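Okay, here's what each chain looks like letter by letter:
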Amino acid sequence: MEIIVQPDSQAASRIASRIISRLIREKTRPVLGLATGNTPLQVYKELVRMHREEGLSFAGVTTFNLDEYVGLSPDHPSSFHAFMARNLFHHIDVPRESIHIPDGQAKDIPGFCRRYEEDIRSSGGIDLQVLGIGTDGHIGFNEPSSSLASRTRIKTLTAQTRRDNASSFDGEEHVPYHCITMGVGTILDSRMCLLLAFGKKKARAVAAACEGPVTAMVPASALQMHPRAVVIVDGEASSGLERADYYQWVYAHKPDWQKY
Ligand code: F6R
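Reference entry: report on the structure contained in this document.

A short note on the layout of surface pockets
Of the pockets and cavities examined, the largest pocket occupies roughly 730 Å³. Lining the largest pocket are 33 residues, and of these Thr36, Gly37, Asn38, Thr39 and Asn165 sit closest to its centre. Sorting the residues of the lining of the largest pocket by element identifies strand E4 (67–69), helix H3 (80–87) and helix H5 (159–164) as the ones contributing at least two each. If you tally residues by element for the lining of the largest pocket, the top one is H3, at four residues. Class assignment for the residues of the lining of the largest pocket results in eleven nonpolar, 16 polar and six charged. In this structure, the second largest pocket encloses a volume near 240 Å³. When grouped by side-chain class, the residues that make up the lining of the second largest pocket number six nonpolar, one polar and seven charged.

In structure tokens form, the structure reads like this:
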């Protein structure tokens, strides 16, 4: 695991955007795994800026989103479909048919999840998966106790996650109980994982994920098993890390050829 501590979320998001844009420029048909939520918002803004001002084209990019709420239509303002359209897809040139987001209205959920996994495989697999982390240590919506080998499936959100996400809804009672999410195993199959975490309320989850034991009770800790997992945090989210000074020293002394 490479842990990069940055002074603030803007600096962290700039590094993440450089990693993503480099992949898009260098690979012919890159496949991106995408997350929703507050965390990647500045990255999406920066990618849109690069598209408008620096000619970054998404024409050859295929995307797979991590998750969607069960029961929400794509045009529901709190759906992840709507979030992605608002914050990224409407502003770039990614072809509509290259975008994949779990269908929260699927009638046959297990069948849909199987096809989602097949679509990821037949696209060549995810090159880079963008991740946030829940205050309870989830990645995607793989809540504590999720199998570390899990694949795309329906999950039940914890009370904590429903509370954390209430601000996107008209009150907590409107937050769905269920979601479709890529599994931890699906995420680990990506060739690179890029986890971002900002703010004090993520400090405990970040410390447990990076320095605690690998456990299904902290699904993000499974990234310790990934050969190429990069975690970029701001100062507050790094505050629970015992070895933050070491990670900072390592990053400051990276040879030029290894820098992002
Ligand atoms: C979103 C997702 C979640 C979020 C996490 C953090 O697609 O899969 O794991 O990344 O809940 O959410 P924010 O960024 O809103 O704190």
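Having put the structure on the table, let's press on.
Re the sheet that holds strand E5 (residues 99–100)
Within a sheet, each strand pairs with its neighbour through backbone hydrogen bonds, oriented either parallel or antiparallel. One open sheet accounts for seven strands, arranged E1-E10-E9-E6-E2-E3-E5; its pairing is parallel. Both outer strands of the open sheet, strand E1 (2–6) and E5, are each paired with one neighbouring strand and no more. Sheet topology note: the strand E2 (residues 31–34)/strand E3 (residues 62–65) ladder contains four bridges and is parallel. Counterpart to Gly33 in the pairing with E3 is Phe64.

Definitions and limits used
Counting starts from 1 at the beginning of each chain's written sequence and moves along it residue by residue. Residue-level local features of this predicted model are given only where pLDDT is at least 70; pairs of side-chain atoms are given and counted only at 80 or more, and the full residue set underlies all totals for whole chains, interfaces and linings. Think of the side-chain values as coming from all heavy atoms in the structure, minus any hydrogens and water. Grid spacing is 1 Å over the protein atoms alone, the probe is 1.4 Å, and a cavity is where that probe fits but cannot get out, while a pocket is an open set with protein on both sides within 12 Å along at least five of seven lines and lining residues have an atom within 4 Å of a point. Grid points are joined across faces, edges and corners, and a volume is the space filled by probe spheres set on the points. Working definition: helices are DSSP H or I runs of at least four residues, strands are E runs of at least two. Numbering for both runs from the N terminus. In this classification, the charged set is Asp, Glu, Lys and Arg, the nonpolar set is Ala, Val, Leu, Ile, Met, Phe, Trp, Tyr, Cys and Pro, and all remaining amino acids, among them Gly, are polar. Two strands are said to pair when DSSP picks up at least two bridges between them.

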